[in-house]
Amino acid sequence: MFADSHVHPLMKFLHNGRTNVWESFQGDRFRLRIKDDFVGIPAYSQADFTKLAKARVQIIFCALIPPEQKFMFSKWPDPVGAKVEKMVSGLLSIPYSKIQHYQSASYDHYQLLLEERDLLFSNANTPIPIQERGKTLRAQYTLCNTFAEVQQVIQRNRTNTSQWTIAVIPAVEGAHGLGCGHLHLFRAMNADASEALFMERLDKLKGLGSDSDSGKVWQHPPLLMNLTHAFDNGLCGQAQALSGMMREIFEYDEPYGPNDVGPNFSVGLHKGITPLGERVIHRMLNLDTQSAGRPNPGRRIIPDIKHMSLPSRLQYYQILDQANAGKPVDQRIPVVMSHAGVTGTALPTTADLNGRTLEKYLHETDVDDTYKVAEGFNPWSINLYNEELVRIHETRGLVGLIMEERILGGKKKIKKLKAALEGRAGLRNPFRGYSKTGMCTKLLTDQIFHTVDTVFHSATTVSPAQVWDIFCIGSDFDGQINPVDYITEATDFPQMKVELIRQLGEARFAPYLAGQTPAQLAEKICQENVIGFLGRNLV
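Residues numbered from 1 in each chain as written. Predicted model: local features only at pLDDT ≥ 70, side-chain atom pairs only at ≥ 80, totals over all residues. Heavy atoms only, no water.

A. How the structure looks around the overall build of the protein. When you go through the protein residue by residue, the secondary structure sums to 20 helices and twelve strands. For 539 residues, the compact-globule estimate of 2.2 N^0.38 gives 24 Å, and the protein sits close to it at 22 Å. Considering the protein as a whole, with its 539 residues, one finds that 61% of them fall into the buried category. For the protein, the share of sequence-separated contacts (at least 6 apart) that also reach a separation of at least 24 residues comes to 74%. Considering the protein, the positive charge centre built from 58 side chains and the negative charge centre built from 58 side chains are found 4 Å apart. (Helix = DSSP H or I, 4+ residues; strand = E, 2+ residues; numbered from the N terminus. Rg over C-alpha atoms; globule rule 2.2 N^0.38 Å. Buried < 20%, exposed > 50% of the residue type's maximum accessible area, 1.4 Å probe, protein only. Contact = heavy atoms within 4.5 Å. Lys, Arg positive; Asp, Glu negative; His and termini not counted. Charge placed at Lys NZ, Arg CZ, Asp CG, Glu CD.)

B. Region of the structure containing the packing of helix H17 (residues 411–421) against helix H18 (residues 436–456). Two elements in contact, H17 and H18, have axes whose closest approach is 9 Å; the angle formed by their N-to-C orientations is 160°. Taken together, the axis directions place H17 and H18 in an arrangement best described as roughly antiparallel. As H17 packs across H18, the resulting crossing turns out to be right-handed. Facing Lys 413, Ile 414, Leu 417, Ala 420 and Leu 421 of H17, the residues of H18 in contact are Lys 436, Met 439, Cys 440, Leu 443 and Asp 446. (Axes fitted to C-alpha atoms, helices over the stretch in contact; angles between N-to-C directions. Parallel < 35°, antiparallel > 145°, perpendicular 65-115°, else oblique. Left-handed = near helix turned anticlockwise from the far one by under 90°.)

C. Looking closely at the packing of aromatic side chains. Under the criterion given, the structure shown has 15 aromatic pairs. Taken together, the aromatic side chains of Phe 449, Phe 456, Trp 468, Phe 471, Phe 509 and Tyr 512 make up a single cluster linked through ring pairs. Across the ring face of Phe 25, the terminal group of Arg 18 is positioned such that the distance to the ring centre comes to 3.7 Å. Above the ring of Trp 218, the side-chain terminus of Arg 117 is found at 5.1 Å from the ring centroid. (Phe/Tyr/Trp six-rings, centres within 6.5 Å; stacked < 30°, edge-to-face > 60°. Lys NZ or Arg CZ within 6 Å of the ring centre and 35° of its normal.)

D. How the structure looks around the pattern of salt bridges. Per the counting criterion, the structure on display carries 28 salt bridges. Between Glu 195 and Arg 279 there is a salt bridge, with the nearest N and O atoms lying 2.7 Å from each other. Remark: Arg 279 occurs in helix H9 (residues 275–284) and Glu 195 occurs in helix H7 (residues 195–205); sequence separation between them is 84 residues. Looking at Arg 279, the relative accessible area reads 39%, which means it is partly exposed. Put simply, Asp 446 and Lys 442 hold a salt bridge, and the shortest N to O gap is 3.0 Å. Note that Asp 446 and Lys 442 are positioned in helix H18 at a spacing of four residues, about one turn of the helix. A network of salt bridges, in which partner residues are shared, links Lys 413, Lys 442, Asp 446, Glu 506 and Arg 508. (Salt bridge = Lys/Arg side-chain N within 4 Å of Asp/Glu carboxyl O.)

E. Highlighting the nonpolar core. With 127 residues, the main nonpolar core has Phe 49, Leu 120, Tyr 316 and Trp 468 as its most contacted residues. Counting 22 residues, the second-largest nonpolar core is a separate cluster that includes Cys 144, Ile 154, Ala 167 and Ile 169. (Core = buried A, V, L, I, M, F, W, Y, C linked by side-chain atoms within 4.5 Å.)

F. Summary view of the pairing of strand E5 (residues 128–132). Here E5 runs beside strand E6 (residues 135–143); their pairing, made up of five bridges, is antiparallel. Pairing of Ile 128 across the sheet is with Ala 139, part of E6. The hairpin turn running from E5 into E6, its antiparallel successor, is two residues long, and Arg 133 in that turn takes a positive phi close to 50°. (Pairing = 2+ DSSP bridges.)

G. Representation of the pairing of strand E11 (residues 398–401) in the model. Side chains Leu 398 and Gly 400 project from E11 onto one buried face, and the interleaved Val 399 and Leu 401 project onto a second face that is buried too. Pairing between E11 and strand E12 (residues 471–473): three bridges, direction parallel. The partner of Val 399 across the bridge, within E12, is Phe 471.

H. Seen up close, the side chain of Asp 469. Examined against the element boundaries, Asp 469 turns out to sit in the loop between H18 and E12. Among the polar contacts listed, one links the side chain of Asp 469 to the side chain of Lys 524, at a separation of 2.8 Å. With residues up to four places along the chain from it excluded, the contact list for Asp 469 reads Arg 396, Gly 397, Leu 398, Lys 524 and Asn 529. (Polar contact = N/O pair within 3.5 Å; in protein donor to acceptor, adjacent residues only side chain to side chain.)

I. Structural detail: the confidence of the model for the protein. Summary statistics for the protein give a mean pLDDT of 91 and a share of 91% for residues scoring 70 or more. Residue range residues 32–36 is modelled with pLDDT below 50. Its contacts to residues more than four positions away, or to other chains, number 14 contacts. Contacts for the low-pLDDT stretch residues 252–264, under 50 throughout, to residues beyond four places or in other chains number 32 contacts. (pLDDT = per-residue confidence, 0-100.)

J. Region of the structure containing H9. All buried positions along H9 are accounted for by Gly 277, Val 280, Ile 281, Arg 283 and Met 284. Take H9 and look down its axis: the buried residues cluster within an arc of 165°, on one side only. Buried residues along H9 sit in contact with H7, strand E8 (224–226), helix H10 (289–292), strand E9 (302–304) and helix H11 (310–324). Looking one or two places after H9, you find Asn 286, whose phi comes out positive at around 60°. (Arc of directions from axis to C-beta.)

Okay, here's the thing in structure tokens:
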């Protein structure tokens with residue numbers, strides 16, 4: 001059985017106007033080549049509720065995300081721009097008519113977030129027959145507000161093998177969903193929400209207030225929310241998320257030239273938290289004076305640090321250090337990156353900066369040339385540094401292992417993986433000797449080994465053996481990713497787990513097992529750690 005800390009089972013359904021969230025999307029893997037690179041985003045659904053049930057996924061954080069308006073524009077004027085946008089429509093499985101709507105002045109991030117929320121809520125607790133190996137499985141999903149409700153789902157699945165229930169905990173990927181971060185071009189686009197309106201919507205998200213013109217109160221509040229995503233939203237700086245091949249389309253972080261038409265999206269890249277962003281974080285965590293004065297402050301929404309710039313993350317840790325001071329480990333606000341990779345390095349030092357600001361350093365190092373020469377992990381700052389891994393360990397947080405190949409490995413490592421998958425592995429190829437699923441699983445176990453090795457050799461104040469409690473699956477399936485070959489959808493999880501057990505038994509892990517078997521550790525990674533996290537935080 002499995003749990004997933006970050007998955008998008010509704011995204012394709014929302015964009016395509018389909019309401020039966022159990023009917024799988026069919027199709028191939030759309031492959032787009034630009035220069036010497038390509039991206040392959042599946043047109044088929046990777047993690048619709050039918051596939052989740054068949055894979056025996058019983059807990060998910062369902063990520064809700066309206067597409068950022070700034071993501072819908074290419075740099076070229078029509079007719080070239082229209083052709084590019086139609087190509088992007090095919091790449092992202094979003095109808096071109098929807099692309100045009102998302103470009104328009106009438107598009108509102110908040111309204112689409114509510115549409116996705118309502119799609120999720122309206123299909124809950126509706127049993128659906130699924131044919132499986134000649135038998136009928138009665139499957140459904142239910143929204144859980146408390147850990148006790150999650151436990152009820154687990155018990156139901158354990159005792160009744162003819163049915164399967166998925167426990168769903170909502171999450172919001174990107175606070176732009178509350179009405180900020182819209183495109184401001186030629187003064188023709190819709191305005192962002194005022195701070196007062198944004199905070200009112202945030203309170204509704206926390207389950208507070210009353211239904212009004214600004215939206216309904218969330219009866220099932222999210223547990224996690226990313227403060228930002230791929231573009232500036234006025235709350236905090238974003239990390240570099242897209243490779244150069246995508247910036248060829250979107251001019252992602254390059255200033256527009258004098259003859260170009262369109263916005264400059266580089267605003268916010270690698271910057272810190274804004275004053276408004278700080279106030280939003282304090283409200284999310286019930287640390288502000290308004291929350292302190294309320295009999296019921298509402299759901300504590302934990303910031304998911306994925307997509308936050310490194311300067312923003314460092315500022316956020318200062319907020320947490322003050323809030324967590326003097327608290328026992330289990331009572332600390334946890335640090336969570338729900339779909340993550342590691343850089344494999346320590347934080348930049350003064351010597352690394354060499355007189356540059358951290359922002360300028362990241363602008364110069366989070367570039368394609370750095371990725372292309374990386375032999376091991378992807379060194380971009382969207383991934384976790386060693387000190388951050390220790391911090392997650394010391395707050396009993398989560399590291400969700402993403403299934404996006406570019407996040408999991410540097411370019412040279414991924415090339416070696418592809419060579420091995422194609423039967424061209426040389427004697428020094430690290431993927432040699434594994435099955436094809438095993439080769440892809442090795443991307444994950446390399447991440448795990450680095451994290452475990454880092455924590456065991458750190459000056460942590462928490463038992464190093466508890467590092468095994470922070471790992472989980474954070475697939476990002478159906479989140480428009482280029483997945484690892486042979487782990488491309490939820491139904492690949494069972495075979496991945498077999499390989500995970502095998503590789504955790506390798507000699508490199510032996511010094512760190514802490515009396516646990518590979519099978520026990522794999523069970524933690526695949527499900528038990530999410531259950532433990534919910535027991536501490538879903539209250």
